[in-house]
Amino acid sequence: EAKKSGRAHYVVFDRDLREQAEARLRIEYELHTAIERRELNLVYQPIISLESGKIEGVEALIRWNHQEHGMIGPERFISIAEETGIIESIGNWVLQEACRQMAEWEKTLGSLTPPSIHVNVSRRQLLLPNFCRIVTQAITEHNIASHRLHLEVTESMIMHDRETSIAILRELKQLGVQIDIDDFGTGYSSLSCLHEFPIDVLKIDREFVANLNQVQNFGALLHTIVALADNLNLKVVVEGIENGEQLTLIQAMGCEFGQGYLFSAPLTVQRLQDFVCSTTEFPPSNRNPTSASS
Ligand code: C2E
Ligand code: MG
Ligand code: MG
Ligand code: MG
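Fair warning: this is a prediction, and the values are worked out from it, not measured in the lab.

A. Focus on the environment of G57. The topology assignment puts G57 in strand β2 (residues 55–66). The exposure class of G57 is buried, given its relative accessible area of 0%. Taking C-alpha positions, G57 is 13 Å from V43, a pair spaced 14 residues apart along the chain. Residue contacts for G57: discarding those within four places in its chain leaves Q45, P46, I47, P114, P115 and S116.

B. Representation of the coordination of the magnesium ion (ligand 3). Listed as protein donors to the magnesium ion (ligand 3) are D182 (OD), D183 (OD), E239 (OE) and E239 (OE); their distances from the metal cover 2.1 to 2.5 Å. Counting gaps between the donor residues of the magnesium ion (ligand 3) yields the pattern D-D-x55-E. Between the magnesium ion (ligand 3) and the magnesium ion (ligand 2), the interatomic distance is 4.0 Å, and D182 donates to each metal, bridging them. Residue D183 is found in strand β6 (residues 178–184), and its partner E239 is found in the loop between β8 (235–238) and α10 (244–252); the two are separated by 56 residues along the sequence. Since its relative accessible area comes to 25%, D183 is described here as partly exposed.

C. Main features of the coordination of the magnesium ion (ligand 2). Distances from the magnesium ion (ligand 2) to its protein donors, namely E59 (OE), N120 (OD1), E152 (OE) and D182 (OD), fall within the range 2.0 to 2.2 Å. All donors of the magnesium ion (ligand 2) belong to a single chain; written as a sequence motif, their spacing is E-x60-N-x31-E-x29-D. Residue class for E59 comes out buried when judged on its relative accessible area of 4%. By relative accessible area, D182 is classed as buried at 7%.

D. How the structure looks around the pattern of salt bridges. Applying the stated criterion across every chain, the model contains eleven salt bridges. The salt bridge involving R37 is made with E39; its shortest N-O contact spans 3.0 Å. Residue classification places R37 among the partly exposed residues on the basis of a relative accessible area of 33%. Here the salt bridges do not stand alone but share partners, grouping E59, E152 and K203 into one network.

E. The nonpolar core, seen in detail. Judged by nonpolar contacts, the single largest core of 81 residues is most densely connected at L149, L151 and L172. Setting aside chain neighbours within four positions, we find L151 in contact with L95, V119, V121, F131, V135, L172, V177, Q178, I179 and D180.

F. Seen up close, the packing of aromatic side chains. This structure, assessed with the given rule, holds three aromatic pairs. Ring centres of Y44 and W105 lie 4.9 Å apart, and the angle between their planes is 70°; on these two criteria the pair is classed as edge-to-face. You can see Y44 sitting in strand β1 (residues 40–49) and its partner W105 sitting in helix α3 (residues 87–108), a full 61 residues away along the chain. When the ring of W64 is compared with that of F77, the centres are 5.5 Å apart and the planes differ by 80°; the resulting orientation is edge-to-face. Residue W64 is located in strand β2, and its partner F77 is located in the loop between β3 (70–72) and α2 (78–84); the two are separated by 13 residues in the primary sequence. Here W64 matches F77 in class, with each residue buried.

G. Inspection of the site of ligand 1 at higher detail. Lining the immediate surroundings of ligand 1 are 22 residues, of which R63, N120, D182, R206 and E242 lie closest. Take N120: an N or O atom from its side chain is 2.9 Å from an oxygen atom of ligand 1. The contact in question runs from an oxygen atom of ligand 1 to an N or O atom on the side chain of D183, over 2.9 Å. Notes on ligand 1: free accessible area 810 Å², of which the protein chains cover 85%. Where the shell around ligand 1 is concerned, the elements lending two or more residues are β2 and β6. In terms of residues, the shell around ligand 1 owes the most to one element, β2, which gives four residues. Per-class residue counts for the shell around ligand 1 are eight nonpolar, five polar and nine charged.

Procedures and definitions
- Residues numbered from 1 in each chain as written.
- Chains lettered and ligands numbered in written order.
- Predicted model: local features only at pLDDT ≥ 70, side-chain atom pairs only at ≥ 80, totals over all residues.
- Heavy atoms only, no water.
- Helix = DSSP H or I, 4+ residues; strand = E, 2+ residues; numbered from the N terminus.
- Buried < 20%, exposed > 50% of the residue type's maximum accessible area, 1.4 Å probe, protein only.
- Contact = heavy atoms within 4.5 Å.
- Donors = N, O, S within 2.8 Å, 3.2 Å for Na, K, Ca; no water.
- Salt bridge = Lys/Arg side-chain N within 4 Å of Asp/Glu carboxyl O.
- Core = buried A, V, L, I, M, F, W, Y, C linked by side-chain atoms within 4.5 Å.
- Phe/Tyr/Trp six-rings, centres within 6.5 Å; stacked < 30°, edge-to-face > 60°.
- Near = heavy atom within 4 Å.
- Polar contact = N/O pair within 3.5 Å; in protein donor to acceptor, adjacent residues only side chain to side chain.
- Areas by Shrake-Rupley, 256 points an atom, 1.4 Å probe, with all protein chains shown as cover.
- Nonpolar A, V, L, I, M, F, W, Y, C, P; charged D, E, K, R; others polar.

As structure tokens, this is what we get:
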């Protein structure tokens, strides 16, 4: 009896594995041409000053609008792109597109342009020998002030090969771009080596916020991280703020910036434009969302 069901289990498992492998191969195959087919696009999630409520920047997040399967999120294809090397061309495209969009906003939105744009960089991209040149090219081609571009790297990425990563980050910082540590607190970097990294911003992983009410330790940890960041002159962005209760706790800790569904989900270009036009401090008569359509 047990043997039977055991075997049946294996059959199912086998088929699941094969289906998974096939799905993976399909994604890999189709990713190769996704750029040419113009199926990739970026959405932008606002980063908000928790003191003024103003938009401090946007994070560019990739989406794959597949001709048959519809919208595919990055969790389903970024790791495949990374393992196969396709991330190199996708990453280039993301950088180019983010900078192009920033230049377009400067024309159409003027002073309402988000002050900064944050672009996720994968490990393989960061280690490309010509990565600095690629970044330089993107900012010069679109004439972006370099300090407005933030590159987001994760702590595990830089902990993996510390010396090399630090050297690359230094070189990038010389271009004037800013470096964010993404998903901070989830990797295994010790707080004590944080000062060695040439970075500007700590983005605290949304796990911290999610556990803030339930687990006492998370509050204490967050508090410690914020104090340390302050000491090292780093800005803090807290990710994944979903409700007012969380916001109150986070504000009480003196966190400067936040990102999350409470403020806004990632937005299309059109919707981001509506967002920045409706959250200014200008009196309503000065708002004219339709005058700046792209
Ligand atoms: P990330 O860089 O940490 O981005 C934040 C993720 O959290 C986004 O998921 C965002 O939609 C989601 N998020 C934002 N606010 C909330 C919230 O309040 N609650 C919850 N539950 N989630 C929230 P998304 O867009 O699916 O991206 C997932 C990950 O994929 C990103 O995590 C990033 O690591 C990677 N990624 C996205 N775009 C790119 C890209 O252009 N290049 C690379 N290399 N990786 C990317
Ligand atoms: Mg990110
Ligand atoms: Mg993150
Ligand atoms: Mg993440």
